[in-house]
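Structural features, examined
Listed here are the chains, written in short residue letters.
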Amino acid sequence: MHYRRIVIFGGAGFVGSSYAIWLASRHQGLSITAADNLKRRGSELNLPRLRAHGIDFVHADIRNPEDLRLDERRPDLIIDCSAEPSVLAGYGSGSEYVVRTNLGGTGNCLELARRCGSAFLFLSTSRVYPVALLNRIAVTETATRFEIDAAQEIPGVSREGVSEAFPLDGARSLYGATKLASELLLFEYADMYGLPMVINRCGVIAGPWQMGKVDQGVGALWVAAHRFGKPLSYIGWGGEGKQVRDVLFIDDLCELLDLELARMDEVAGSIFNAGGGPQASASLLEMTRLCEMITGVKITMAQSLENRPGDVRIYITDNSRVDAVLGWQPRTPVEKTLTAIDTWLREHPSIASLWT
Ligand SMILES: NC(=O)c1ccc[n+]([C@@H]2O[C@H](COP(=O)([O-])OP(=O)(O)OC[C@H]3O[C@@H](n4cnc5c(N)ncnc54)[C@H](O)[C@@H]3O)[C@@H](O)[C@H]2O)c1
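Cut-offs and rules
- Residues numbered from 1 in each chain as written.
- Predicted model: local features only at pLDDT ≥ 70, side-chain atom pairs only at ≥ 80, totals over all residues.
- Heavy atoms only, no water.
- Helix = DSSP H or I, 4+ residues; strand = E, 2+ residues; numbered from the N terminus.
- Contact = heavy atoms within 4.5 Å.
- Buried < 20%, exposed > 50% of the residue type's maximum accessible area, 1.4 Å probe, protein only.
- Pairing = 2+ DSSP bridges.
- Salt bridge = Lys/Arg side-chain N within 4 Å of Asp/Glu carboxyl O.
- Phe/Tyr/Trp six-rings, centres within 6.5 Å; stacked < 30°, edge-to-face > 60°.
- Lys NZ or Arg CZ within 6 Å of the ring centre and 35° of its normal.

Here G10 shows up in the loop between strand 1 (5–9) and helix 1 (14–26). Placed 74 residues apart in sequence, G10 and E84 show a C-alpha to C-alpha distance of 9.8 Å. Once residues within four sequence positions are removed from consideration, G10 is found in contact with G16, S17, A35, D36, C81 and S82.

This part takes up the pairing of strand 14 (residues 270–274). As a general feature of sheets, a regular strand has side chains that alternate between the two faces. Burial of strand 14 is extensive: five of the five residues sit out of reach of the surface. Here strand 14 shows no split at all, with S270, F272 and A274 on one side and I271 and N273 on the other all buried. With five bridges connecting them, strand 10 (residues 197–202) and strand 14 associate as parallel partners. What sits directly across from C202, in strand 14, is A274.

The subject of this paragraph is the side chain of H226. Examined against the element boundaries, H226 turns out to sit in helix 6 (residues 218–227). Apart from residues no more than four positions distant in its own chain, H226 is found in contact with L232, T288, C291, E292, T295, V297, I299 and M301.

Further remarks concern the pattern of salt bridges. Scanning all chains against the criterion turns up 17 salt bridges. Two residues, R245 and D311, come together in a salt bridge whose shortest N-O distance is 2.9 Å. Of this pair, R245 sits in strand 13 (residues 244–249) while D311 sits in the loop between strand 16 (301–304) and strand 17 (314–315), and the two are 66 residues apart along the sequence. Its salt-bridge partner being D342, residue R346 comes within 3.3 Å of it at the nearest N-O pair. Of the two residues, R346 and D342 are both situated in helix 11 (residues 334–347); the distance of four residues between them amounts to about one turn of the helix. Residue D342 is classed as buried on the basis of its relative accessible area, which comes to 1%. Through salt bridges that share partners, R227, D342 and R346 make up one connected network.

With that settled, the discussion passes to the packing of aromatic side chains. As enumerated under the stated definition, the model contains six aromatic pairs in all. When the ring of W209 is compared with that of W344, the centres are 5.5 Å apart and the planes differ by 50°; the resulting orientation is tilted. With a gap of 135 residues between them, W209 in the loop between strand 11 (204–206) and helix 6 and W344 in helix 11 connect regions that are remote in the sequence. W344 shares its class with W209; the two are buried. One aromatic cluster is present, formed by W209, F228, W344 and W355 through successive ring pairs. A cation over a ring is seen here: R26 above W22, with NZ or CZ 3.4 Å from the ring centre. A cation over an aromatic ring shows up here: R313 above the ring of F146, its NZ or CZ 5.8 Å from the ring centre.

Given below as structure tokens:
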């Protein structure tokens, strides 16, 4: 491991805490700081785990440059996992929090990186791709899901999923827009200040310690609702739960981040689409069936015909570029990811209060 002093923003969140603990468990002598404002309900539950792994926690709000005066820690690597991560952010409530966190906050993290000469890993999103265009992907409807057709008019999409060549013109939600704007900032810092950086545009990520809610974290939400007997809804797209996502298991993502760090000299300046891919995709209906099998619980499933704003019918990641460059492929099927979440819930009954 080339990097020794690592600051992870959003370090108490799902991805940030998971990767912090992954690194601390595999490398001796790292100094890891997890910085977070604990905005997300449930992130505070990660603090004892961070402590148990020798990871220093700092309460910091990335909107506030004063909170990011972490120069004395001399980070040689900054990982930005902090975000308001919901596609629904801003609808009906104004843009201030999402813009100031996801864009202004990234700018503040980049300033820290510039001052300290740190490398930078950025967790971006598949939601940088425009909503209307994603919903123009030609699909076929089967008994349990939508499937991407082989023939497509839009470039950058195939049966393998959505690649980095997918067009970027159009609206994409404030969440997606602030992430894309942050990506642009990263390129300017790379060009102007020589910042080594990698951008990962992830689809749905899932695994234990994800405090999944209706707004974000569908894998944990689906398993928890089954485990604790809470109702769920199929929202939009005909109300039958045929909308599809690919699901990236958190450990597969951690392996990818490891590869990027190990080969930063080669991959600096890259954008990678990274997700579960076609093999690890499921419709909500298929996820329900898997959850019923894993938990043995059948719950009430409501139907809502109206599409949610910003929602897409199908998103599957084409991992061809990241596979060609880094030889990385996701390995975990959806069933195994959901089973890992269920095991976590059963082993940590105190966490149930988040969903009950
Ligand atoms: N989980 C997914 O499915 C997914 C998919 C694609 C991209 N991503 C991206 O990965 C990153 C990590 O997401 P996650 O799933 O861990 O989300 P998360 O909500 O679990 O973690 C984000 C953390 O950021 C913190 N935070 C929010 N506002 C902050 C602020 N102003 N200052 C400091 N901390 C703040 C929250 O308290 C939370 O702990 C995000 O950038 C997200 O956009 C996630």
